[in-house]
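Below are the chains, spelled out letter by letter.
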Amino acid sequence: MPYTLDQFNRASPAEAEQMLGGLYEHTPWIAAQAVKARPFHSLAQIKQTMASILDKAGVDAQLALIRAHPELAGKAMSAGTLTTESTGEQARAGLTACTPEELQHIRQLNHDYGARFGFPFVLCVRGPRGTGLGKQQIIDTFERRLSGHPDFERTEALRQINRIVEIRLADKFAADPVLGNDVWDWHEQLARHSDPGFAEAGQLTVTYLTDAHRACAVQISQLMHDCGFDEVHIDAVGNVVGRYNADPKVPNAKTLLTGSHYDTVRNGGKYDGRLGIFVPIACVRVLHRAGRRLPYHFEVVGFAEEEGQRYKATFLGSGALVGDFKSEWLEQQDADGITMRQAMQHAGLAIDDIAALRRNPADYLGFIEVHIEQGPVLNELNLPLGIVTSINASVRYVGEYVGQASHAGTTPMNRRRDAACAAAELALFAEQRAAKDGDSVATMGMLAVPSGSINVVPGRCSFSLDLRAPSNAQRDAMAQDIVAEAHAIAERRGVMLKLDETMRAAAAPSAPAWQKRWEAAVQSLGLPVFRLPSGAGHDAMKLHEVMPQAMLFVRGENAGISHNPLEQTSAEDMELAVRAMQHLLDAVAVEKLQ
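Remember, it's a predicted structure, so these values are computed and weren't measured experimentally. Numbering of residues begins from 1 in every chain and follows the order in which that chain's sequence is written. This being a predicted model, a pLDDT of at least 70 is required before a residue's local features are given, and a value of 80 or more before pairs of side-chain atoms are given or counted; all residues contribute to the totals for chains, interfaces and linings. Water and hydrogen atoms were dropped before computing side-chain values, which therefore reflect all heavy atoms in the structure.

## What to know about the overall build of the chain
Stage number 1. Secondary structure elements are defined from DSSP: runs of H or I of at least 4 residues count as helices, runs of E of at least 2 residues count as strands, and each element is numbered from the N terminus. Secondary structure assignment for the chain yields 21 helices and 16 strands.
Stage number 2. On C-alpha atoms alone, the chain measures out to a radius of gyration of 26 Å, which is about the 25 Å that the 2.2 N^0.38 rule sets for 594 residues.
Stage number 3. Considered along the principal axes of its C-alpha atoms, the chain spans approximately 75 × 70 × 45 Å.
Stage number 4. Looking at the 594 residues of the chain, the share that counts as buried comes to 54%.
Stage number 5. When contacts within the chain are restricted to residue pairs at least 6 apart in sequence, long-range pairs at least 24 apart make up 78% of them.
Stage number 6. Residue-level accessible areas treat just the shown protein chains as cover; the underlying method is Shrake-Rupley with a 1.4 Å probe. For the chain, the accessible area works out to roughly 25,300 Å², and carbon and sulfur atoms hold 51% of it.
Stage number 7. Computed over 58 positive and 71 negative side-chain charges, the separation of the two mean positions in the chain equals 2 Å. For a compact globule the rule gives 2.2 Å times the number of residues to the power 0.38, and the radius of gyration it is set against comes from C-alpha atoms. Think of it in three bands: with a 1.4 Å probe and only protein chains considered, a residue is buried below 20% of the maximum accessible area for its type, exposed above 50%, and partly exposed in between. Working rule for contacts: check all heavy atoms of both residues, and any pair within 4.5 Å makes them a contact. Under the counting rule used here, the positive set is Lys and Arg, the negative set is Asp and Glu, and His together with the chain ends is not counted. We put the charge of a Lys on NZ, of an Arg on CZ, of an Asp on CG and of a Glu on CD.

Have a look at this one:
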């Protein structure tokens, strides 16, 4: 019989400790200390309290806990001496049914890992969805983490233990993250669409107005219809727009806007952008099933383009809503020579209607966005949610150095006009210049020698520059220095430089009132409020130009990596994000009715 939170809070200390028994492998003192902090308002608060106790316990106590964990498919499994919890988890992952070859490989990995780190490999084999990882996923993770730094592996083992405890606690209290599971599944279903060349390699790439991109739009549209939106359409730039109308009894109701993008970087992750579409869709479904209306319209937009991957345009989808769609973008060509205009026409979009997409800020309460953090901070602090204080200013360039292609063997070093070396010198300068600020960042994420050959001095080298800083002034000072050095390098090396600015976004501080609403939502879940800036750009940056905005970050697993197939979050964290947005929607409703 599952426990209830009320039972746990009312139980004697001994009974409460027994309720939490088995959460930590042979380590009951963590639960015993947590019991002293009762009463708890949520399971999330219990989990957070126990994680904090473990964090403050010191390295020796942490290592003792890690070493109490059994090896995966190890001797304890064969001998039948695993705890009940570990037995079920390893069996669910298929580790009790390994082939002899698989078993030998895993045990060799166990040996190598233990020899390198001095403690066993710990992995939550039930995975981020809670339904279990496959054997190959486990082996791939094992092999990847075997090359990790010892300090990182120790902290990663603790994070995995906290995840194991989270699932075991949910089992004890029958707290299945139903909403989070649905949001998780929607991501998996949408990730089936990927551009040619990437799909065959099992990689996720969805760029603007490809067949995969348009299939995503159709799927999101259908989901909105199924979840009870009153109006759903794909607009003139490919945004998927869903509207849940206000209570008809409320005259002149305004609109709360939310959403994020559904395009991806090349070989990217499943959650960047898309989490900010599916979380509010889940909220609308709850409202619709309850037959409940808000005293304001709720508009959810799946923005068609934010990443700038196919064309030299970013925030195209959200930019159209603030009147910042640049007509010259229509003539840009992709790598295959297809102009944006042609792509839009092929997709059946009404180009002449783009100007009409501009929203009137007077009709809107503001813009909110949920997004995976895309960084390590929340993951390192073991916090599922964070409040964004501001989005950093950024500027992007694409450039090319043009020198002289010549024979690699016969061209003396002092007579070369090497375009690749010019770009390499600029990359190092940008790295050093950004480091001087302490909190600025500079990235040359694309670097290519067209038609390069091993025995030819590069005659051309194309590159990108992505520069970000907490304020507009700091960004501009860094950009000025780097651009000046780019030209100086060209002069010194006798090469030509082409450099075009493709995007400039101002810093976007969160609107205080909306930030406080997110903070109250997080507190309502029994979680601590943690504030952090966003180093990444988001659609909220564009909406910030015309209306107040604020963002909620959701923890990313795997050290918060993003723009990468390893990008990950859990169904439990998704559930908390949905609950937080529900609280915010309800709070705004109360405000409007007062």
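## A closer look at helix α7 (residues 84-92)
Stage number 1. Where α7 is concerned, the buried positions are S86, E89 and Q90. With its buried residues spanning 95° around the axis, α7 presents them on a single face.
Stage number 2. Among the residues trailing α7, G94 stands out with phi positive, at a value near 85°. The arc in question is formed by the directions pointing from the helix axis toward the C-beta atoms.

## Some remarks on the side chain of R433
Stage number 1. Position of R433 among the secondary structure elements: in helix α17 (residues 419-437).
Stage number 2. At 3.2 Å, the side chain of R433 and the side chain of D437 are in polar contact.
Stage number 3. Other than its neighbours up to four places away in sequence, R433 contacts A477, M478, D481 and I482. Distance and chemistry together define a polar contact, namely a pair of N or O atoms within 3.5 Å, with one atom able to donate a hydrogen and the other to accept it when in protein, and with adjacent residues in sequence counting only for side-chain atoms on both sides.

## A word on the environment of L287
Stage number 1. By the element assignment, L287 lies in helix α13 (residues 275-289).
Stage number 2. Using a relative accessible area of 7% as the deciding quantity, one classes L287 as buried.
Stage number 3. Put simply, L287 and A423 are 136 residues apart on the chain and 54 Å apart in space, counted from C-alpha to C-alpha.
Stage number 4. Dropping the residues within four chain positions of it, L287 is found in contact with Y244, R292 and L294.

## Focus on the state of the cysteines
Covalent bonding between the sulfur atoms of two cysteines is what defines a disulfide.
Stage number 1. In this description, the term disulfide denotes a pair of cysteine sulfurs within 2.5 Å. Inspection of the entire model under this criterion finds zero disulfides.
Stage number 2. Distance from the sulfur of C124, which forms no disulfide, to the nearest cysteine sulfur (C98) is 17 Å.
Stage number 3. Judged by relative accessible area, which is 6%, C124 ranks as buried.
Stage number 4. Between C461, a cysteine without a disulfide, and C421, which holds the nearest cysteine sulfur, the sulfur-to-sulfur distance is 9.2 Å.

## Examining the nonpolar core
Stage number 1. The term nonpolar core refers to a set of buried residues drawn from Ala, Val, Leu, Ile, Met, Phe, Trp, Tyr and Cys, joined through side-chain atoms within 4.5 Å. Judged by nonpolar contacts, the single largest core of 81 residues is most densely connected at Y208, I281, F325, M344, L385 and W518.
Stage number 2. If one sorts the elements of this core by residue count, helix α21 (residues 571-593) sits on top with eleven residues.
Stage number 3. Excluding its chain neighbours within four sequence positions, the residues that come into contact with L385 are L378, V522, L525, L527, L552, F553, V554, D573, L576, A577 and A580.
Stage number 4. Residues A16, A34, L65 and C98 belong to the second largest nonpolar core, which totals 48 residues.

## Some remarks on the packing of aromatic side chains
Stage number 1. When two rings of Phe, Tyr or Trp (its six-membered ring) have centres within 6.5 Å they constitute a pair, described as stacked for plane angles under 30 degrees, edge-to-face for angles over 60, and tilted for the intermediate range. In the structure shown here, the tally under the stated rule is 14 aromatic pairs.
Stage number 2. The rings of Y113, F117, F119, F121 and F142 are connected pair by pair, giving a single aromatic cluster.
Stage number 3. Comment: the charge-over-ring label is applied if NZ (Lys) or CZ (Arg) is within 6 Å of the ring centre and within 35 degrees of the ring normal. The residue whose ring lies beneath R293 is Y244, and the NZ or CZ to ring-centre distance is 4.2 Å.
Stage number 4. Taking the ring centre of W514 as reference, the NZ or CZ of R517 above it sits at 4.1 Å.

## A short note on the pattern of salt bridges
Stage number 1. By salt bridge we mean one thing: a side-chain nitrogen of Lys or Arg within 4 Å of a carboxyl oxygen of Asp or Glu. One pass over the full model with this rule turns up 38 salt bridges.
Stage number 2. Here R145 makes a salt bridge to E153, at a shortest N to O gap of 3.0 Å.
Stage number 3. Between D476 and R504 there is a salt bridge, with the nearest N and O atoms lying 2.8 Å from each other. Remark: R504 occurs in strand β13 (residues 496-505) and D476 occurs in helix α18 (residues 472-493); sequence separation between them is 28 residues.
Stage number 4. Residue R504 is classed as partly exposed on the basis of its relative accessible area, which comes to 38%.
Stage number 5. Among the ionic contacts, a cluster of salt bridges with common partners joins K47, R163, E166 and E572.

## A short note on the packing of helix α12 (residues 211-226) against α13
Stage number 1. Axis separation between α12 and α13 bottoms out at 10 Å; the angle between their running directions is 15°. As the angle between them shows, α12 and α13 are arranged roughly parallel. Where α12 crosses over α13, the handedness of that crossing is left-handed. Within the contact between the two elements, α12 uses I220, L223 and M224 and α13 uses I277, F278 and I281. The axes used here are C-alpha line fits, helices contributing only the stretch in contact, and every angle between their N-to-C directions lies in the interval 0 to 180 degrees. Our angle categories are set so that under 35 degrees counts as roughly parallel, over 145 as roughly antiparallel, 65 to 115 as roughly perpendicular, and the remainder as oblique. In this scheme, a crossing is called left-handed if the near helix is turned counterclockwise away from the far one by less than a right angle; it is called right-handed if the turn is clockwise.

## Focus on the pairing of strand β5 (residues 364-372)
Stage number 1. Of all nine residues in β5, nine are buried, a share of seventy percent or more.
Stage number 2. Two strands pair under a simple rule: DSSP has to find at least two bridges between them. Looking at chain direction, β5 and strand β16 (residues 549-554) are connected through six bridges and run parallel. Looking at the pairing, H371 lines up with F553 of β16.

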